[in-house]
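# Chain and residue survey
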Amino acid sequence: MDDELHNRSVNQDVRELGALVGDTIRAQASRNDFETVETLRTASIAYRDGEANSREGLHQVLDRLTPDHESIVARGFTTYFELINLAEERERVRAIRNASQENTLGDSLEVAAEALAEEDRRTAERILEDVLIEPTFTAHPTEARRKTVKSKLRSVAIDLETLDERRLTDKETAHVERDIESDVVSLWQTPQVRYRQPEPSDEARNVQWYLENTIFDVVGEVYNEFEAALEDAGQPIDVPKLFEFRSWAGSDRDGNPYVTPDVTAETLDRQRRVVLERYRDALKRLSGVLSQDGSRIDAGETFEKSLAADRDRLPEVARAAEERYPREPYRQKLKLMRERINRIDDVRPGGYEEPSEFRADLDALAESARKNGGESLVSAHVDPLRRQVDTFGFSLASLDLRDHQENHTEAVAEALALEGIDYRDLSEDERAEMLTEAIMQDERVIDPGALYRDEEVELSETARKVLELFARLADWQAEYGDDAIDTYAISMTEEPSHVLEVLFLAEQAGVVALPDHAGIDVVPLLETEYALSGARRIMGELFENPAYSRALEARGNTQEIMLGYSDSNKENGFLAANWSLYHNQRRLAEITEDFDVTMRLFHGRGGSISRGGGPMNEALLALPNESISGQVKFTEQGEAIAEKYANPRIAERNIEQMVNAQVRSRRKAIHEPEEPIEEEWVEAMETMADAAREEYRDLLETDGFVRYFEQATPITVIEELNLGSRPASRSGQRTVEDLRAIPWVFSWTQSRCIITGWYALASGIDAYLEEGDVETLREMYDEWPFFRTTLDNAALALARTEMEIAAEYAGLAESSLRETFFPRLNDEHDRAIELVTEITGREGLVRREWLEESLRRRNPYVDPLNLLQTHLLGQTHRTDAEERTLRLTVKGIAAGMKNTG
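First, a word on scope: everything that follows refers to the structure included in this document. Everything numeric here is computed off the predicted structure, so don't read it as measured data. Sequence order sets the numbering: in each chain, residues are counted from 1 along the sequence as written. Only residues with pLDDT of at least 70 are given local features in this predicted model, and only at 80 or more are side-chain atom pairs given and counted; all residues enter the totals for whole chains, interfaces and linings. Side-chain measures were taken over the full set of non-hydrogen atoms in the model, leaving aside hydrogen atoms and water.

### Comments concerning the packing of aromatic side chains
Any two rings among Phe, Tyr and Trp, with Trp reduced to its six-membered ring, count as a pair given centres within 6.5 Å; such a pair is stacked if its planes are under 30 degrees apart, edge-to-face if over 60, and tilted if neither. Under the definition given, this model contains 35 aromatic pairs. Ring-over charges, as used throughout, are those where CZ of Arg or NZ of Lys falls within 6 Å of the ring centre and within 35 degrees of the ring normal. The ring of Trp188 has Arg75 lying over it, and the distance from NZ or CZ to the ring centre is 4.1 Å.

### Concerning helix α29 (residues 679–701)
Strands here mean DSSP runs of E at least two residues long; helices mean DSSP runs of H or I at least four residues long; both are numbered from the N terminus. Multiplying 1.5 Å by the residue count of a helix minus one yields the expected span of that helix. The terminal C-alpha atoms of α29, which comprises 23 residues, lie 33 Å apart, in line with the 33 Å expected from a rise of 1.5 Å per residue. Partly exposed describes any residue whose relative accessible area lies between the buried limit of under 20% and the exposed limit of over 50%, with all areas from a 1.4 Å probe on protein chains only and scaled to the type maximum. When α29 is considered as a whole, its buried residues turn out to be Trp681, Val682, Ala684, Met685, Met688, Ala689, Ala691, Ala692, Glu695, Tyr696, Leu699 and Leu700.

### A word on the sheet that holds strand β10 (residues 631–636)
Adjacent strands of a sheet pair through backbone hydrogen bonds, lying either parallel or antiparallel. A pair of strands is considered paired only if DSSP assigns at least 2 bridges between the two. Ordered in space as β1-β2-β3-β4-β7-β8-β9-β10, the eight strands form a closed barrel in which the pairing is parallel. Pairing between strand β4 (residues 485–491) and strand β7 (residues 521–526): four bridges, direction parallel. Across the sheet, Thr487 pairs through a bridge with Asp521, a residue of β7. Here, two residues are considered to be in contact whenever any of their heavy atoms come within 4.5 Å of each other. Axis definition: a line fitted to C-alpha atoms, limited for helices to the stretch in contact. Angles are taken between N-to-C directions and run from 0 to 180 degrees. Each of β3 (398–404) and β4 is contacted by helix α19 (residues 461–480), which is oriented at about 160° to β4, the strand it contacts most.

### Some details on the pairing of strand β1 (residues 132–137)
Successive side chains on a regular strand alternate, one facing one side of the sheet and the next facing the other. Counting buried residues in β1 gives six out of six residues, a clear majority hidden from the surface. Here β1 shows no split at all, with Leu132, Glu134 and Thr136 on one side and Ile133, Pro135 and Phe137 on the other all buried. Alignment of β1 against strand β2 (residues 246–247), held across two bridges, turns out to be parallel. Residue pairing for β2: Phe137 is matched across the bridge by Ser247.

### As for the pattern of salt bridges
A pair is scored as a salt bridge if a Lys or Arg side-chain nitrogen falls within 4 Å of a carboxyl oxygen belonging to Asp or Glu. Evaluated as defined, the whole model comprises 94 salt bridges. One salt bridge connects Arg246 with Glu134, and the closest N-O pair in it is separated by 3.7 Å. Separated by 112 residues along the polypeptide, Arg246 in strand β2 and Glu134 in strand β1 bring together distant segments of the chain. By relative accessible area, which is 3% here, Arg246 ends up buried. Glu134 gets classed as buried once you look at its relative accessible area, which sits at 3%. Among the salt bridges present, the one from Asp363 reaches Arg386, with a minimum N-O distance of 2.8 Å. Pair noted here: Asp363 is in helix α14 (residues 355–371) and Arg386 is in helix α15 (residues 375–392), with a separation of 23 residues, a long-range link. Judged by relative accessible area, which is 26%, Asp363 ranks as partly exposed. Taken together, the shared-partner salt bridges connect Arg8, Asp13, Glu16, Arg90, Glu91, Arg94, Arg97, Glu161, Asp164, Glu165 and Arg649 into one network.

### Thoughts on a negative patch on the surface
Together, Glu678, Glu679, Glu680, Glu683, Asp773, Glu779, Asp782 and Glu783 give the surface a local cluster of negative charge. At the level of secondary structure, the elements contributing two or more residues to the negative patch comprise α29 and α34 (774–783). With respect to the helices and strands, Glu783 occurs in helix α34. What makes a patch is a set of residues exposed beyond 30% relative accessible area and free of salt bridges, joined within 9 Å when like-charged and within 5 Å when nonpolar (Val, Leu, Ile, Met, Phe, Trp, Tyr). Per-residue and other accessible areas follow the Shrake-Rupley method at a 1.4 Å probe size, with only the shown protein chains counted as cover for residues. Under this rule, positive means Lys or Arg and negative means Asp or Glu; His and the chain ends count for nothing. The atom standing in for a charge is NZ when the residue is Lys, CZ when it is Arg, CG when it is Asp and CD when it is Glu.

### Quick word on the packing of helix α1 (residues 10–28) against helix α2 (residues 31–48)
Packing of α1 against α2 leaves a shortest axis separation of 6 Å and a crossing angle of 145°. Between α1 and α2, the contacting residues are Gly22, Ile25 and Arg26 on the first element and Arg31, Asp33, Phe34 and Val37 on the second. Class assignment of the residues belonging to the contact of α1 with α2 gives a composition of three nonpolar, one polar and three charged. Put simply, Ala, Val, Leu, Ile, Met, Phe, Trp, Tyr, Cys and Pro go in the nonpolar bin, Asp, Glu, Lys and Arg in the charged bin, and everything else, Gly too, in the polar bin.

### Some points on the pairing of strand β9 (residues 598–604)
Here β9 lies mainly inside the structure; six of its seven residues are buried. When β9 meets β10, the two strands line up parallel, connected through three bridges. Residue pairing for β10: Phe602 is matched across the bridge by Lys633.

### What to know about the nonpolar core
Met688, Tyr708, Trp784 and Phe787 are the most contacted members of the largest nonpolar core, which has 117 residues in total. Nonpolar core, defined: a set of buried Ala, Val, Leu, Ile, Met, Phe, Trp, Tyr and Cys residues in which side-chain atoms within 4.5 Å join the residues together. Counting 81 residues, the second largest nonpolar core, distinct from the first, contains Leu116, Tyr330, Leu365 and Val632.

### Regarding the environment of Leu128
Tracing the sequence through the fold places Leu128 in helix α6 (residues 121–130). Beyond its immediate chain neighbours, meaning those up to four positions away, Leu128 contacts Leu116, Phe226, Leu230, Ile237, Pro240, Leu242 and Val663.

### A closer look at unusual backbone geometry
Pro515 follows Leu514 through a cis peptide bond whose omega is 10°. Tracing the backbone shows Pro515 in the loop between β5 (512–513) and β6 (517–518). Positive phi values are uncommon outside glycine, yet Leu396 reaches one of about 70°. Note that Leu396 resides in the loop between α15 and β3. Relative accessible area serves as the criterion here: at 1%, Leu396 is assigned to the buried category. The residue Met492 is not glycine, and still its phi comes out positive at about 55°. Along the chain, Met492 falls in the loop between β4 and α20 (496–508).

Okay, structure coming up:
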């Protein structure tokens, strides 16, 4: 701990917060309840430390508990984890600040600047111009905590920061400690479990909170620090726009009937109101800073012309501004700018039409202030606002639309049937030809707006909703601008016609008018093995299609392609899915290169390892060189959003790491367009992936596996949790194929048997070792970022797996199922640990000391919750109170594992 920067340590935070939970249980429940929790805690630690031979003592305590006491135990451990997570968040901030002070921060902006300083200026500028990073927030139901609970926890986090970073008197310290205690008491008395299912608008507001309250404020600092780092490195460059933020919350319709066009309209409106309010506040603060006396400065021609234009545009406001701020030209200008912001959504004329107009006014202010010796004023106050305008525009975050391809096909078929065209009976080639001709001709074939409004027209509910969406998309772009909602992702894309259907509907609605205008990027989501292996066929036919190629040209010849990590993993298993995704990224790069198209890959990553998660900077650096155009997009989901963006310092660090990784990756790709991969390595991966896929599919297809999954995990409880607005399965059927990837992963994570992150890895490696050698695998680990990241991520999933706890869940299954599947899972797990440690050369699975310490700290406290959960799952009849406690154990384990799905 750096005594100059911080007053506390993580051990002190954990100790004091843990004691506070104990005090709260004593005061709010009873001493007996406190002693029960203590007994469970100490017994769990004793077993983990080898001082007890079994967990029988834990079982005996749990077996004696009444339903009321079970609830208190679950609440106690859940509250503990919520608070300990804050202590570890604080430790992350300490590490960032200490390393920054000592100039030892890895993956920093300074490191990126030093890399660019090794290039000539033109190359360095090209690299920065190529880079565009687009984190995309989704509303996928992986956030287990209620908003009310998060608010209380954030209050505690702020108080911990105060204790850690400020010099306080004894009285001030006592006041802060009292506030923490009151928040913990309030947290204890607050329901942890939602009594209603969140609505899409709730999810959109949740995403908006992070954008508005942390990300908006740190963006300007990242740019300022990067430019300063470049100057210090001897490569002074005005950094162009490097990132923007996008969202699916309120606009992702795939499998969610509750995301209606009204929800999307409400989200667009609310986001605009929020961002404009932030600009109004910023301009008001600027008015307090830029109070220069006009008689003592030369404002300059550019500024004077800008001010004169506003006076002509808003004469009454200009007169009022001159009366209020005589001889203060900057303040007069800022008053007029605030009025133009106010009129953006006003019937009165004079409002800004585009963010670029607002940016131009800020540029004029900055230029004038700099000419008059105000460099520090501009750097501190104007530049951050200019960067915010570049990043957030007038929409805060651009929305992506998404829906399943089957819905578009249904809507097109029904609409065309009204025109006498039997679309359903056409072959794939015939569909593509018909859609192309319809897009290219001057007369439109259907009117989406008229069709969905006419209640007498016979349309299914699905078709009517799709047609309404496209009709209203045109209205939204007219009202909020194309940039506010300009991307359409198509789930389960498997044929070129699936993409052409969306282009056809957009063209018929007026969103696309070829050859000059295409208001949306149409984004195929490739997630099945059939789609990924058929990528050249799908994309090649589209690039050669006359209608689609024109639309692509209108979008700057940039093709966004989304890769689905979650469903690919669920279909193929961890190792095979990772290889397929990597291999197909290289193939997609070849295809786009052949057609002279710039590719922007959209990585549909989840928060967990099983769904493409893991450290973002490492993931970006491990992408194949061929795929790195500079532009990259990826989803941010569930608890990962809170972990990365709730704390401003961690949010800034996360963004900094993304910039570092993408700048370095793009530089590497320019110098080495084809990643040098030994053919022997590729063959090894092919062998391992094929064998792993075969073993994984055999597991899923073995008779009884779905029943085992249902009995040996809490999937039935998870499906009933009010985690998100979207249903847990696509059709309500109990099959692995039908189940969404999130509850699939969540269930295995809860049972501490995270097969989704390692199953069949050992089988794959063993298949290679029948002919190959471990030295080659070690060489691959040392020299190939993809293989190293894949193995490290599997190691992390293995480290979080606890097969002894998983055995408790297996004990809930029918004996025949348990005897069939658990030994198989256990053997694969044990062999995977042997192989991973042998290849990596590590004694343990985890290579990060802080993570190993975190796991040691958490495991003894998660175990009692797992055992309580299995105890409740094993009951044939549960009271309402026991059902609530069971749901609470899910929240507690999620908090303890710091992961859901």
